[in-house]
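Structural characterization, general
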Amino acid sequence: MNNMIERLETIARRYEELNEILMDPSIASDINKMTEASKEQASLETAYNLYQEYKKVISGIEEAKELLKEDDPEIREMAELELSELEDKKPQLEEKLHLELIPKDPNDNKNVIVEVRGAAGGDEGNIFAGDLYRMYVKYAESQGWKIEIMEAQESDAGGYSLISFMVKGEGVYSKLKFESGSHRVQRVPKTETQGRVHTSTATVLVMPEAEEVDFELNPGDLRIDTYRASGAGGQHINKTDSAVRITHIPTGTVTTSQDGRSQHDNKDKAMRAMRTKLYEMKLREQEEAIGSERRNKIGSGDRSEKIRTYNYPQNRVTDHRIGLTIQQLDRIMEGKLEEIIEALINEDQRLKLAGEEE
């Protein structure tokens, strides 16, 4: 308990310090510093307000106990009522404060770029990648989020060998970050004449969108090529060199975009994807350096890690990381992902809380 109060005191001091920084007129000329200070203050605000409320409850309890010593029976009766209410409120606030002190992921409120690729299983893996993309689109719609396709490589048999898309909205990364990994499907492919169940996989990678303040790109490290867009598209396809490919020379990372309305639009999309991919690489390096971050985490977030099985004959979905099985695959594929996502968030909080208390 003392440890919790110490941490809350540190948060309160920092919150008030940030207030002074943001009120200083000189900060207005430094947009990056102002953005950083505003974000940090916003991330501390809930804990700060809860702590102020908690302090009022504690002083209220002390005052009520003092009033119980009064001779006037009416004052004592009022003090008893007040004390009973405040003592009920105290553990509720302590529970909220404990949860609020779990280390926050600074990327939780960010938009994301999701890459879904057909992996093992040839055509069937690509078809399943298309099914996963449709599932995420439906889930995004239910959350009021917007989807913007960054890159799409359609497969002849249906689905995608790769589809990359941005999801924009409130708290997107906080809900989709546990989707990274290998998704396995067990079903009878359309091409299977014997009615045998095949196992195929598609991989998902969820990356928090990097803003310019998160990751600065050196233009000298980039090679930008334009080429003629191919595949299904509008009337301008194949007539102009509107597609854009960007290569980050030091790492060999490549991003492309050809679905935008113009070369400028495609360059903007490919640049956002590049910044995000390099930011994701930086985050992974940091996590590996910390090491313990990995222990208090659900899975590694690696594309190769098998995280979920979708069994069509039995209408069953199993998330292997938390041992959750749901007999409603049809609903899940229609974007009804809330039960899985909430269970993953709760387990993540439990692990972090256990890590904090060790």
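Note that this is a predicted model, so its numbers are computed, not measured.

**Topic: the nonpolar core**
Counting residues in each nonpolar core, the largest one holds 37 residues, and the members touching the most others are L132, V167, L176 and Y310. Those elements that place two or more of their residues in this core are β1 (112–118), α4 (123–143), β3 (160–168), α5 (172–176), β5 (198–208), β11 (324–326), α8 (329–333) and α9 (338–357). Ranked by residue count, the leading element in this core is α4, at nine residues. Dropping the residues within four chain positions of it, Y310 is found in contact with F128, L132, M135, H183, R184, V185, Q186, R316, V317, L329 and M333. Core analysis: the second largest hydrophobic core is formed by 22 residues, L18, L44, Y48 and I61 among them.

**Observations regarding the pairing of β3**
By the criterion of burial, β3 is predominantly enclosed, with seven of the nine residues buried. Of the strand pairs in this sheet, β1 and β3 are connected by six bridges, and their pairing is antiparallel. Within β3, the residue paired with E115 across the bridge is S164. Bridge count between strand β2 (residues 146–154) and β3: eight bridges; the pairing is antiparallel. Among the inter-strand pairings, E154 is bridged to a residue of β3, identified as Y160. Taking the residues between adjacent antiparallel strands as the criterion, β2 and β3 are bridged by five residues, where G158 takes a positive phi near 115°.

**Description of the confidence of the model for the protein**
Here the protein averages 86 in pLDDT, and 90% of its residues register 70 or above. Summarising per-element confidence for the protein, the mean pLDDT is lowest in helix α7 (residues 292–295) (49) and highest in strand β10 (residues 316–319) (96). Here residues 232–238 is a poorly scored stretch, pLDDT under 50, and it has seven contacts once near neighbours within four places are set aside; other chains count.

**Digging into the pattern of salt bridges**
Any two side chains of opposite charge can pair, so long as their charged atoms come close to each other. In total, this model carries 21 salt bridges according to the counting rule given. Among the ionic pairs, E66 bridges to K69, the shortest N-O distance being 3.1 Å. Of the residues examined, E66 reaches a relative accessible area of 47% and is grouped as partly exposed. In this structure, R272 engages E209 in a salt bridge whose closest nitrogen and oxygen atoms are separated by 4.0 Å. Of this pair, R272 sits in helix α6 (residues 263–290) while E209 sits in the loop between β5 and β6 (222–227), and the two are 63 residues apart along the sequence. For the pair R272 and E209, one class covers both residues: buried.

**Some thoughts on the sheet that holds strand β8 (residues 253–257)**
Strands sit in the order β6-β7-β8 across an open sheet of three strands; the sheet is antiparallel. The open sheet has two free edges, formed respectively by β6 and β8, since each of these has just one partner strand. Within the sheet, the average angular offset between the axes of one strand and its neighbour, ignoring direction, is 15°. Direction of pairing for β6 relative to strand β7 (residues 243–248): antiparallel, over a ladder of six bridges.

**What about the sheet that holds β2?**
Pairing in this open sheet of eight strands is mixed, and the strands run β2-β3-β1-β5-β4-β9-β10-β11 from one edge to the other. Each edge of the open sheet is held by one strand with a lone partner, namely β2 and β11. Pairwise comparison of adjacent strand axes, ignoring direction, gives a mean angle of 15° for this sheet. Here β1 pairs with β5 via seven bridges, running antiparallel. Residue V112 lies in a different strand from β5, and its bridge partner there is P208.

**A closer look at the packing of aromatic side chains**
The full count for this structure, using the stated rule, is five aromatic pairs. On the numbers, 5.3 Å between centres and 70° between planes, the contact of F128 with Y310 is edge-to-face. Of this pair, F128 sits in helix α4 while Y310 sits in strand β9 (residues 306–311), and the two are 182 residues apart along the sequence. The residues F128 and Y310 share a single accessibility class, namely buried.

**Side note on α4**
With 21 residues, α4 extends 31 Å between its outermost C-alpha atoms, agreeing within 8% with the 30 Å of an ideal straight helix rising 1.5 Å per residue. G144 sits one or two positions beyond α4 and adopts a positive phi of about 75°.

Conventions adopted
Residues numbered from 1 in each chain as written. Predicted model: local features only at pLDDT ≥ 70, side-chain atom pairs only at ≥ 80, totals over all residues. Heavy atoms only, no water. Core = buried A, V, L, I, M, F, W, Y, C linked by side-chain atoms within 4.5 Å. Buried < 20%, exposed > 50% of the residue type's maximum accessible area, 1.4 Å probe, protein only. Helix = DSSP H or I, 4+ residues; strand = E, 2+ residues; numbered from the N terminus. Contact = heavy atoms within 4.5 Å. Pairing = 2+ DSSP bridges. pLDDT = per-residue confidence, 0-100. Salt bridge = Lys/Arg side-chain N within 4 Å of Asp/Glu carboxyl O. Axes fitted to C-alpha atoms, helices over the stretch in contact; angles between N-to-C directions. Phe/Tyr/Trp six-rings, centres within 6.5 Å; stacked < 30°, edge-to-face > 60°. Expected span 1.5 Å × (residues − 1).

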